[in-house]
Amino acid sequence: MITFVCCLIALIVGYFIYGKFIERIFGIDAKRQTPAYTHQDGVDYIPMPTWKVFMIQFLNIAGLGPIFGAIMGAKFGTASFLWIVLGSIFAGSVHDYLSGMLSLRHNGESLPEIIGRYLGVNFKQFMRGFTVILMVLVGSVFVAGPAGLLAKLTPEHLDTTFWIIVVFLYYILATLLPVDKIIGKIYPLFAAALLFMAIGILVMLFVNHPPLPEITDGMPNTYPGHLPIFPIMFVSIACGAISGFHATQSPLMARCIKNEKYGRPIFFGSMITEGIVALIWAAAATYFYHNNGMGENNAAVVVDSITKEWLGTVGGILAVLGVIAAPITSGDTAFRSARLIVADFLHLEQRSVSKRLMICIPLFLVAIALLLYSQKDKDGFDMIWRYFAWSNQTLAVFTLWALTVYLVISKKPYIVTLIPALFMTAVCSTYIFVAPEGLGMENGISQIIGFAITIVVLAFFLVWKKKTGNI
C-alpha cells in the first residue's frame, strides 16, 4: 500500500505545484473577457458556474477510460501505477490545460482549428476528418458497454439492443439541446455518482488493506502472454494518463468558463481527478486479479465483482450506475463535439435546430452502422475499441506537437510539451508495428522502428525551429 499512497499524494501535490507552474507559463489574464460572454448565443456559449463546469469537464473526459483502461492496465503490474501518476501530471494535465486555454483564447475554437493554427492548413484539414471519425468511434464504443451493463440490471426483455436505442435517443436530445438544458443539469449529478464510487472503493482499499505491488519489488511484466509494457500499456490505460479525446471536449467548456483564472481547476484539475480515479481502480483491479487470476478480460465483470463485494448490493448498484453514466455522458459530448467541429468547418451557425440536425443525422447513422457491426461480429466491439484507443492516443500526439509549436512561437519553455510529444510519438509509432491488430511484428524490431520514426520527427521539428529563427 505504500507505493499506492505515495502515488495518490503525488497526484494531489502535482496539481498544486506543477499545475501552478504550467499556469504561469501560459500566462492567464483574469481581466480578459471569455467567449462565454463575447459570443454568448444561448446554445453553446453560455456562462456557467465554475463548479458545474468542472463537474461537466470531468465527466466528459472520464468515460470508460479511467475505469476500464486502468483495470486492463493493472495487469501489467506496478508500472501501471507509475504511468498513471507521471502521465497524468506531466503529460495529460499539461495537454488538457494548454489545449483548453488556447481554445479559450481563440473564442472556443474546436481542436482541429487549434492544431491547424500551429501546424498548418494541411494538418487542419486532416485533423478535421480524423477528429470527427474519432468522435463517432467514441460515441459508438461508449454506447455498447453501458447498454450491456443496463441489460444485466433489468428484465431479460430489456436487452442490449433496447438499451442501445434508448441511449441513442438520449444522445439526440443532448446533442441538439442547448448545453445548459440537459448537460448543465444532470452531468454534475452523474459526476458526483462517479466520484462517490471512486471514494467508496478508496475507503475499502484502506479497510481491507489488500496486497498491492510495491516499487521495491521491481516492475515485472505480469500481463498474461507477456504483451510488452511498451507500448501496449500506454495505449491500454489511455484516458487515465493522457488522452487526445480530452482536447476535443475542452472547447465545449471553454465556451462556458467565466474567467481565465478558472482554467487550472477545470482543465488541469479534472485530469488530475481522473488520474486519481484511475489509480484507485488500478489498485482495486490488482486485488481482484490477485484473488481470481489474470484470466478475466471483461472489465465490466471486474467492476461488478469489486463493487458488490466491497460496497454491498445497494452500493454496488450505485457504483455500476456511475460506470454506466460516465461513458454515456462522454458519448453524447463526443457527438456534440463532432457537430461543432463540422459546424466550424462549414461555417454553419448553430442557433437553428435544422442546421444542427443537418450535421447530426449523418453522424448518428454512421455510429449506428458501427454498432450493428459490433453486435453482428463477436469480435466487432473489441476491434472498434482498439481502433479507438490507438486513434485517441495519436490525436494526443498531434495536439502535443501543436502545443509545442505554440510555446516555441510564444518564446515560452516548450520542453514541458516536447518531452511528452516525443514519448507519445514513440508509443503510437511502435504500437502500429507490434499490436496484434497492427502489423504484429516482433517487439524489439517494432521498438527500433518506432524510435527511429520519433527521431525523424524530432529532426523535422529542429529544422523547422531553425528556419523560423527560433533556435
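Here, every reference points to the structure presented above.
Parameters and conventions
- By convention here, each chain's residues receive numbers from 1 onward along its written sequence.
- Given that the model is predicted, a residue must reach a pLDDT of at least 70 before its local features are reported, and side-chain atom pairs must reach 80 or more before they are shown or counted; all residues, however, enter totals for whole chains, interfaces and linings.
- The basis for every side-chain value is the complete set of non-hydrogen atoms in the structure, without hydrogens or water.
- Each helix corresponds to a stretch of at least 4 residues labelled H or I by DSSP, and each strand to a stretch of at least 2 residues labelled E; elements are numbered beginning at the N terminus.
- Every radius of gyration here is taken over C-alpha atoms, with the globule rule written as 2.2 Å times N^0.38, N being the number of residues.
- Working definition: with a 1.4 Å probe on protein chains only, accessible area under 20% of the residue-type maximum means buried, over 50% means exposed, and in between means partly exposed.
- Contact definition: two residues touch when any of their heavy atoms are within 4.5 Å.
- Just to be clear on terms, a salt bridge is a Lys or Arg side-chain nitrogen sitting within 4 Å of an Asp or Glu carboxyl oxygen.
- Cavity and pocket criteria rest on a 1 Å grid covering protein atoms alone: a 1.4 Å probe that fits but cannot get out defines a cavity, protein on both sides within 12 Å along at least 5 of 7 lines defines an open pocket, and an atom within 4 Å of a point defines a lining residue.
- Grid points are joined across faces, edges and corners, and a volume is the space filled by probe spheres set on the points.
- Take the buried Ala, Val, Leu, Ile, Met, Phe, Trp, Tyr and Cys residues and link them wherever side-chain atoms come within 4.5 Å; each set so joined is a nonpolar core.
- By this rule, a helix spans an expected 1.5 Å times one less than how many residues it contains.
- Here the bend at each residue means the angle between axes fitted to two seven-residue stretches, the one ending at that residue and the one beginning there.
- Any N or O atom pair separated by 3.5 Å or less is treated as a polar contact, with the protein-specific requirement of one donor-capable and one acceptor-capable atom, and with residues adjacent in sequence counted only for side-chain atom pairs.
- Here the axes come from fitting lines to C-alpha atoms, over the contacting stretch only for helices, and the angles between their N-to-C directions go from 0 to 180 degrees.
- Should an angle fall under 35 degrees it is called roughly parallel, over 145 degrees roughly antiparallel, and 65 to 115 degrees roughly perpendicular, with every other angle called oblique.
- Each crossing is labelled by how the near helix is turned from the far one, with a counterclockwise turn of less than a right angle marking it left-handed and a clockwise turn marking it right-handed.
- All amino acids are sorted into three groups, where Ala, Val, Leu, Ile, Met, Phe, Trp, Tyr, Cys and Pro are nonpolar, Asp, Glu, Lys and Arg are charged, and the leftover types, Gly among them, are polar.
- Note on disulfides: each one is a pair of cysteine sulfur atoms within 2.5 Å.

**Student:** Would you mind showing me how to read the overall build of the chain here?
**Tutor:** Counting its secondary structure elements, the chain contains 17 helices and zero strands. Its C-alpha atoms give the chain a radius of gyration of 21 Å, within 12% of the compact-globule value 23 Å for 471 residues. When its C-alpha atoms are laid out on the principal axes, the chain stretches across 55 × 50 × 40 Å. Within the span of the chain, comprising 471 residues, buried residues form 59% of the whole. For the chain, contacts bridging at least 24 residues in sequence account for 83% of all contacts bridging at least 6.

**Student:** Looking at this structure, how should I read the pattern of salt bridges?
**Tutor:** It is possible for side chains bearing opposite charge to pair when their charged atoms get close. According to the stated counting rule, one finds nine salt bridges in the structure shown. For the salt bridge of Lys-20 with Glu-23, the shortest nitrogen-to-oxygen distance reads 3.3 Å. Residue Lys-20 and its partner Glu-23 are both found in helix H1 (residues 2-26); the two are separated by three residues, about one turn of the helix. Classification of Lys-20 as partly exposed rests on a relative accessible area of 37%. With a relative accessible area of 7%, Glu-23 lands in the buried category. With its nearest N and O atoms 3.2 Å apart, the salt bridge here joins Asp-44 to Arg-339.

**Student:** It is not clear to me how the layout of surface pockets should be interpreted in this structure. Could you clarify?
**Tutor:** To locate leftover empty space, one rolls a probe as large as a water molecule over the atoms. Computed from the structure, the second largest pocket encloses a volume of approximately 490 Å³. Looking at the second largest pocket, it is lined by 19 residues, and the ones nearest its centre are Leu-119, Phe-123, Phe-398, Trp-401 and Val-457. At the level of elements, helix H6 (111-119), helix H15 (380-409), helix H16 (415-434) and helix H17 (443-467) are the ones that each hand at least two residues to the lining of the second largest pocket. Take the lining of the second largest pocket: its biggest share by element is six residues, from H15.

**Student:** Mind showing me how you'd approach the nonpolar core here?
**Tutor:** If you look at soluble globular proteins, the nonpolar side chains tend to sit buried side by side. One finds Phe-4, Ile-22, Ile-67, Ile-71, Phe-168, Tyr-171 and Trp-281 to be the most contacted residues of the largest nonpolar core, which totals 159 residues. Among the elements that take part in this core, helix H12 (residues 263-292) stands out by supplying 16 residues, more than any other. Beyond its immediate chain neighbours, meaning those up to four positions away, Phe-168 contacts Val-143, Phe-335, Phe-364, Ala-367, Ile-368 and Leu-371.

**Student:** Please clarify how unusual backbone geometry should be interpreted in this entry.
**Tutor:** Phe-230 connects to Pro-231 through a cis peptide bond whose omega is 10°. Along the polypeptide, Pro-231 turns up in helix H10 (residues 229-236). Positive phi values are uncommon outside glycine, yet His-209 reaches one of about 45°. With a relative accessible area of 53%, His-209 lands in the exposed category. One non-glycine residue, Lys-411, lies in the positive phi region at around 60°. Inspection of the secondary structure puts Lys-411 in the loop between H15 and H16. When its relative accessible area of 62% is taken as the criterion, Lys-411 is described as exposed.

**Student:** How should H1 be read in this particular structure?
**Tutor:** Taking 1.5 Å of rise per residue, 25 residues should cover 36 Å, and H1 covers 35 Å from first to last C-alpha, within 8% of that figure. Gly-14 marks the point of greatest bend in H1, at about 40°. Directly beyond the C-terminal end of H1, a positive phi value near 80° is found at Gly-27.

**Student:** Would you take a moment to explain the side chain of Asp-41 for this structure?
**Tutor:** Residue position: Asp-41 is located in the loop between helix H2 (35-38) and helix H3 (50-62). Of note is the side chain of Asp-41, whose polar atom sits 2.9 Å from the backbone nitrogen of Tyr-45.

**Student:** Honestly, the packing of helix H9 (residues 183-208) against H12 in this entry has me stumped. Any pointers?
**Tutor:** In a packed pair of helices, the relevant descriptors are the angle between the two axes and the axis-to-axis distance. Orientation of H9 relative to H12, taken along the N-to-C sense of each, is 45°, at an axis distance of 10 Å. Considering the angle they form, H9 stands oblique to H12. For the pair H9 and H12, the crossing hand works out as left-handed. For the pair H9 and H12, contact is made by Leu-195, Met-197, Ala-198, Ile-201, Leu-202 and Leu-205 and by Thr-273, Val-277, Ile-280, Trp-281, Ala-283 and Ala-284, respectively. In the contact of H9 with H12, the residues fall into 11 nonpolar, one polar and no charged.

**Student:** What should I look at first to understand the state of the cysteines in this one?
**Tutor:** Using the criterion set out here, one finds zero disulfides in the structure. The thiol sulfur of Cys-239 is not disulfide-bonded, and the nearest other cysteine sulfur, from Cys-428, lies at 13 Å. Classification of Cys-239 as buried rests on a relative accessible area of 3%. Counting only cysteine sulfurs, Cys-360 is the nearest neighbor of Cys-256, a cysteine outside any disulfide, at a range of 17 Å. The exposure class assigned to Cys-256 is buried, which follows from its relative accessible area of 0%.

**Student:** Honestly, the packing of H1 against H9 in this entry has me stumped. Any pointers?
**Tutor:** It is the contact of H1 with H9, at a shortest axis distance of 12 Å, that shows an interaxial angle of 145°. Between H1 and H9 lies a crossing of left-handed hand. Contacts from Phe-4, Val-5 and Leu-8 in H1 reach Leu-202, Leu-205 and Phe-206 in H9.

**Student:** I keep staring at the environment of Asp-44 and nothing clicks. Help me out?
**Tutor:** Note that Asp-44 resides in the loop between H2 and H3. When its relative accessible area of 4% is taken as the criterion, Asp-44 is described as buried. On a C-alpha basis, the gap between Asp-44 and Gly-438 in space is 38 Å, while along the polypeptide they are 394 residues apart. Once residues lying within four places of it in the same chain are set aside, the contact partners of Asp-44 are Val-179, Arg-255, Cys-256, Arg-336, Arg-339, Leu-340 and Gln-350. Looking at Asp-44, its side chain comes within polar contact range of the side chain of Arg-339, at 3.2 Å.

No statement about biological role is implied by the geometric values presented.
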